[in-house]
Amino acid sequence: MQPDAQAQYRKMTETPIPKLITSLAVPTIISMMITSIYNMADTFFVSRLGTSATGAVGIVFSIMAIIQAVGFTMGMGSGSNISRLLGEKRGELANRYASSAFFGAIAIGLAVAAAGLLFTDPLMRLLGATETILPYAADYGRYIFFGAPIMCGSFVLNNVLRSEGKATLSMLGIGLGGLLNIALDPVFIFVLDMGISGAAVATLLSQCVSFGILLSFFIRKKSASRLIFREALKDIRVYGVILKTGLPTLCRQGLASAASVALNVTAAPYGDAAVAAMSIVGRIVMFVQSIMVGFGQGFQPVAGFNYGARKFDRVRQAFWFEVKVGFAGLLLFAAVGFAFAPAILGGFRADDPEVIRIGALALRCQCIVMPLSAVSTITNMLLQCTGHSWPATFIASARQGIFYLPLVVMLDALIGLVGVQIAQPVSDLLTFVCCIPLLLRYFRQLSAMEAEDQSHREVSA
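Thresholds, definitions, all that
Residues numbered from 1 in each chain as written. Predicted model: local features only at pLDDT ≥ 70, side-chain atom pairs only at ≥ 80, totals over all residues. Heavy atoms only, no water. Axes fitted to C-alpha atoms, helices over the stretch in contact; angles between N-to-C directions. Helix = DSSP H or I, 4+ residues; strand = E, 2+ residues; numbered from the N terminus. Parallel < 35°, antiparallel > 145°, perpendicular 65-115°, else oblique. Left-handed = near helix turned anticlockwise from the far one by under 90°. Contact = heavy atoms within 4.5 Å. Nonpolar A, V, L, I, M, F, W, Y, C, P; charged D, E, K, R; others polar. Salt bridge = Lys/Arg side-chain N within 4 Å of Asp/Glu carboxyl O. Buried < 20%, exposed > 50% of the residue type's maximum accessible area, 1.4 Å probe, protein only. Expected span 1.5 Å × (residues − 1). Core = buried A, V, L, I, M, F, W, Y, C linked by side-chain atoms within 4.5 Å. pLDDT = per-residue confidence, 0-100. Disulfide = S-S within 2.5 Å. Phe/Tyr/Trp six-rings, centres within 6.5 Å; stacked < 30°, edge-to-face > 60°.

**Student:** I'd like to hear about the packing of helix α4 (residues 91-118) against helix α7 (residues 148-163), residue by residue, with values.
**Tutor:** For the pair α4 and α7, interaxial distance at closest approach is 7 Å and the crossing angle is 155 degrees. What the angle tells us is that α4 and α7 run roughly antiparallel. You can see that α4 and α7 cross each other, and the crossing is right-handed. Where α4 approaches α7, its residues Ala98, Ala101, Phe102, Ala105, Ile106, Gly109, Leu110, Val112 and Ala113 are matched on the opposing element by Ala148, Pro149, Cys152, Gly153, Val156, Leu157 and Val160. Residue classes in the contact of α4 with α7 are distributed as 14 nonpolar, two polar and no charged.

Here you go:
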C-alpha cells in the first residue's frame, strides 16, 4: 500500500468517530446545501415570471430526478464498493469500479439526452404539464437534456471522491458550480431577458464547471482511484455489482421522479396554484433533507471503510452518532418550518394567496414527521454502504414508491387536495416504522460477525 493510502486507511479506521464523521460531513453538507439552494434559487427567480413558470420548474424537476438517478446509482453503486475495497487494501480493483461507473454513466447520460430531445413536448405532458405550463417546461427541459451526460458524470465523480474520504474535494467541485448557478440565474433570466430558458442555461453552465473541477482532481491524481478507460471494459460483472449495490439509490431517485410526476398529475386538476405550491414545498423540504443526506454521506465512507476492515464496533458507534445528531437537527428545522410556513411560502409567491394557503398546510404536515427521517435516511445508508442491498432497496423504495404512489392516488380520490398535501408525510411515517425490524436484524448479524472474529482470534492465539 502506498504511503498516502496507508495514511488514509489509518485516518478512516482510527480517528474518533465524532471527529471523523464531522470532518467528512461538513464539506458534504455544504455542497448539498449549495446544490439545494441553487435549486431553490431557480424556483425563486423563475417564480418572478408567474405561477405557470413556477409550476414548470416542478415538472422539469422530474427530469432532473431521472438524471440524478442514473448518476447517483452508478456513483453510489461504485462508491460503496470502493470504500470497502480500500478498507480491504485492494486499490487496483477500486480503480476498475470507479472507471466502469464513470464511463458507464456518461454513456447512459447520452442516451437520456437523445431520447429527451426527441420527445420533449409529449414527455412534458406525460409528466403533468398543463397547457399553460407546457411552453415554460419545454424551454427549460431542453437545456437540461443537453447537460444529461455531464450531470451523470459529475454525480459519479462526486460520489467516488466521498467514498474515498475526500469530501473536501467533492465539496469544491459541487459547491463552486452551485454558487456560479446562483449568480448566473438573475443575469440570464432578467438582464439578458432569456426568461425561464435563462435559468436552464445557468444550470447547464454551472454543471459543466462542476464536472471540469471534479474531473481535474482525478487527472491530477488527487483521488485514491484512477479513471482508466480500458479498466471499464475488462469485466462486465463489475457493472452487475455496481447496479446491485446502487439499486437502493436507483429506486430512491427513480421513485422520486415518479413521485414528482404523480404529485404534478394529482395537483394539476386543482390549478396552476396547486402545482406551484407543491413544487415550492418540495424544494423547501429537499433543502432540509439535503442537510440530513449530506450529514449521512459523511457517515457512509466511515461505515463502509470500517465494515471492510471488520471494525464493527466503529460501524455501530457511527450509526448512533448520526441518528442522534440528525434527529436533533431535523427537530429544530421542523419547529421553524411549522411556525413560519405561510411566511416561507410568501417569500416565493407573495402575490398569490392560493399558493400560500395550499403550500403552508403541506409544509406543516411535512414538518410534523420530519425528525423521523433521520432514522430512515441513515438506516438506508448503513445497509447500502455495508453491502446489504436488498433491505436497503426496500427502504429506499418505501418513502416515494411503495407507500407514496398508492397513497397520493388513494387519498386524492378520498379527500381531494388535502390528500395530495398529506400523502408524503404519511408515507414518511410508514417508512420509519419499517426501519425498526430491519435495524434489529442488522445489528444481530453484526454481533454474530463480531463473535465469529473473536472466536478466530482465540483459535489463532
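The discussion continues.
**Student:** Go over the pattern of salt bridges with me, naming the residues and quoting the values.
**Tutor:** In the structure shown here, the tally under the stated rule is nine salt bridges. Here glutamate 131 and arginine 125 are joined by a salt bridge, their closest N and O atoms 3.5 Å apart. Among the ionic pairs, glutamate 354 bridges to arginine 357, the shortest N-O distance being 2.7 Å. Pair noted here: glutamate 354 and arginine 357 are both in helix α14 (residues 353-369), with a separation of three residues, about one helical turn. Overall, arginine 357 belongs to the partly exposed group, its relative accessible area being 49%. Linked through salt bridges whose partners overlap, the residues forming this network are Arg96, Glu231 and Lys234.

**Student:** So what about α14? Which residues, and what values?
**Tutor:** Helix length check: α14, at 17 residues, gives a terminal C-alpha distance of 25 Å against a target of 24 Å (1.5 Å per residue), a fit within 8%. Taken together, the buried positions of α14 are Val355, Ile356, Ile358, Gly359, Ala360, Ala362, Leu363, Cys365, Gln366, Cys367 and Val369.

**Student:** Explain the side chain of glutamine 300 to me, using residue names and the numbers behind them.
**Tutor:** Counting through the fold element by element, glutamine 300 comes out in helix α11 (residues 272-308). When sequence neighbours within four positions are dropped, the list of residues in contact with glutamine 300 reads Met76, Arg162, Met381, Gln384 and Cys385.

**Student:** Break down the nonpolar core for me, with residues and values.
**Tutor:** Within soluble globular proteins, side chains that are nonpolar tend to cluster in buried spots. Counting 135 residues, the largest nonpolar core has Met124 and Phe299 as its most contacted members. Each residue touching phenylalanine 299, except ones within four places of it in the same chain, is listed here: Ile21, Val315, Ala318, Phe319, Glu322, Ile378, Met381 and Leu382.

**Student:** Go over the confidence of the model for the protein, please, and point to the residues and values.
**Tutor:** Overall, the predicted model of the protein reaches an average pLDDT of 83, with 95% of residues at or above 70. Per-element confidence in the protein ranges from a low mean pLDDT of 70 for helix α1 (residues 3-14) to a high of 92 for helix α12 (residues 312-339).

**Student:** Give me the lowdown on the state of the cysteines, citing residues and values where you can.
**Tutor:** One pass over the structure, following the stated rule, counts zero disulfides. As a non-bridged cysteine, cysteine 152 has cysteine 208 as the owner of its nearest cysteine sulfur, 13 Å distant.

**Student:** Describe in detail the packing of aromatic side chains, supporting the description with residues and values.
**Tutor:** Tallied over the full model, the rule gives 10 aromatic pairs. An angle of 80 degrees between the planes, with centres 4.9 Å apart, marks the rings of phenylalanine 319 and tryptophan 320 as edge-to-face. Under the relative-accessibility criterion, phenylalanine 319 is labelled buried at 0%. By relative accessible area, tryptophan 320 is classed as partly exposed at 39%. Ring plane angle 80 degrees and centroid distance 5.5 Å describe the contact between tyrosine 442 and phenylalanine 443, whose orientation is recorded as edge-to-face. For tyrosine 442, a relative accessible area of 2% puts it in the buried group.

**Student:** Can you lay out the environment of arginine 310 for me, pointing to particular residues and giving the numbers?
**Tutor:** Counting through the fold element by element, arginine 310 comes out in the loop between α11 and α12. Classification of arginine 310 as partly exposed rests on a relative accessible area of 40%. In this structure the C-alpha to C-alpha distance between arginine 310 and aspartate 272, which are 38 residues apart in sequence, comes to 54 Å. Contact partners of arginine 310, with chain neighbours within four places excluded, come to Met449 and Asp453.

**Student:** Could you give me a rundown of the side chain of glutamine 289, with the residues and numbers involved?
**Tutor:** By secondary structure assignment, the location of glutamine 289 is in helix α11. Residue glutamine 289 is classed as buried on the basis of its relative accessible area, which comes to 13%. With residues up to four places along the chain from it excluded, the contact list for glutamine 289 reads Ser373, Thr377 and Arg399.

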